[in-house]
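# Residue-level structure breakdown
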Amino acid sequence: VQLVESGGGLVQAGGSLRLSCAASGFTFRSYVMTWYRQAPGKERELVASITSVGGITNYVDSVKGRFTISRDNSKNTVYLQMNSLKPEDTAVYYCRARGRSDYWGQGTQVTVSS
């Protein structure tokens, strides 16, 4: 089983990034896919989720209207489009698959400069 995040990097405030999480080794379409983030000195928090059926999405209040989670079951990939980035979005972003089992990726760093 693997979850491999990519797309992180350094961006100026107001910019955009698109994170990807490529999954393998399990039945991707059957799992709820989520993005978490952890900033230095803070607890890991749930940022966004998308259900396995119907693609229902949910977001933490601080990213509503700026971030969009989506999934492509044909590619076993979940995305996080992040727009209007703020310095407080700086964190390591993790992909997590929740279903019969629970899987985490290794994380990708997002740094937003002011």
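Residues numbered from 1 in each chain as written. Predicted model: local features only at pLDDT ≥ 70, side-chain atom pairs only at ≥ 80, totals over all residues. Heavy atoms only, no water.

For the rest of this paragraph, the subject is the overall build of the protein chain. Each helix and strand in the protein chain was counted, giving zero helices and eleven strands. Its helices and strands in sequence order give the protein chain the pattern β-β-β-β-β-β-β-β-β-β-β, from N to C terminus. The C-alpha atoms of the protein chain give 13 Å as radius of gyration, which agrees with the globular expectation for 114 residues (13 Å, within 12%). Seen through its C-alpha atoms, the protein chain measures out along the principal axes to roughly 40 × 25 × 25 Å. Looking at the protein chain as a whole, 40% of its 114 residues are labelled buried. If you take every contact in the protein chain between residues at least 6 apart in sequence, the share linking residues at least 24 apart comes to 53%. For the protein chain, the accessible surface area stands at approximately 6,000 Å², while carbon and sulfur atoms represent 46% of it. Side chains of the protein chain carry 13 positive and 8 negative charges; the gap between the two charge centres is 6 Å. (Helix = DSSP H or I, 4+ residues; strand = E, 2+ residues; numbered from the N terminus. Rg over C-alpha atoms; globule rule 2.2 N^0.38 Å. Buried < 20%, exposed > 50% of the residue type's maximum accessible area, 1.4 Å probe, protein only. Contact = heavy atoms within 4.5 Å. Areas by Shrake-Rupley, 256 points an atom, 1.4 Å probe, with all protein chains shown as cover. Lys, Arg positive; Asp, Glu negative; His and termini not counted. Charge placed at Lys NZ, Arg CZ, Asp CG, Glu CD.)

This part takes up the side chain of D89. Here D89 shows up in the loop between β8 (77-82) and β9 (91-98). Here R37 takes part through its side chain, which lies 2.9 Å from a polar atom of the side chain of D89. Apart from the residues lying within four places of it in its own chain, the contact partners of D89 are R37, R66, F67, S84, V110 and V112. (Polar contact = N/O pair within 3.5 Å; in protein donor to acceptor, adjacent residues only side chain to side chain.)

This part covers the sheet that holds β8. Taken in spatial order, the four strands line up as β1-β3-β8-β7 in an open sheet, and their pairing is antiparallel. With one partner strand each, in any of the chains shown, β1 (2-6) and β7 (67-72) form the two edges of the open sheet. Pairs of neighbouring strands in the sheet enclose a mean axial angle of 15°, with direction left out of account. Bridge count for β1 against strand β3 (residues 17-24) is five bridges, and the pairing is antiparallel. For L3, the partnering residue across the bridge sits in β3 and is A23. (Pairing = 2+ DSSP bridges. Axes fitted to C-alpha atoms, helices over the stretch in contact; angles between N-to-C directions.)

What follows covers the side chain of T90. Within the secondary structure, T90 sits in the loop between β8 and β9. Here the side chain of T90 touches V112 through a polar contact of 2.9 Å, landing on its backbone nitrogen. Setting aside residues no more than four positions away along its own chain, T90 makes contact with A39, Q109, V110, T111 and V112.

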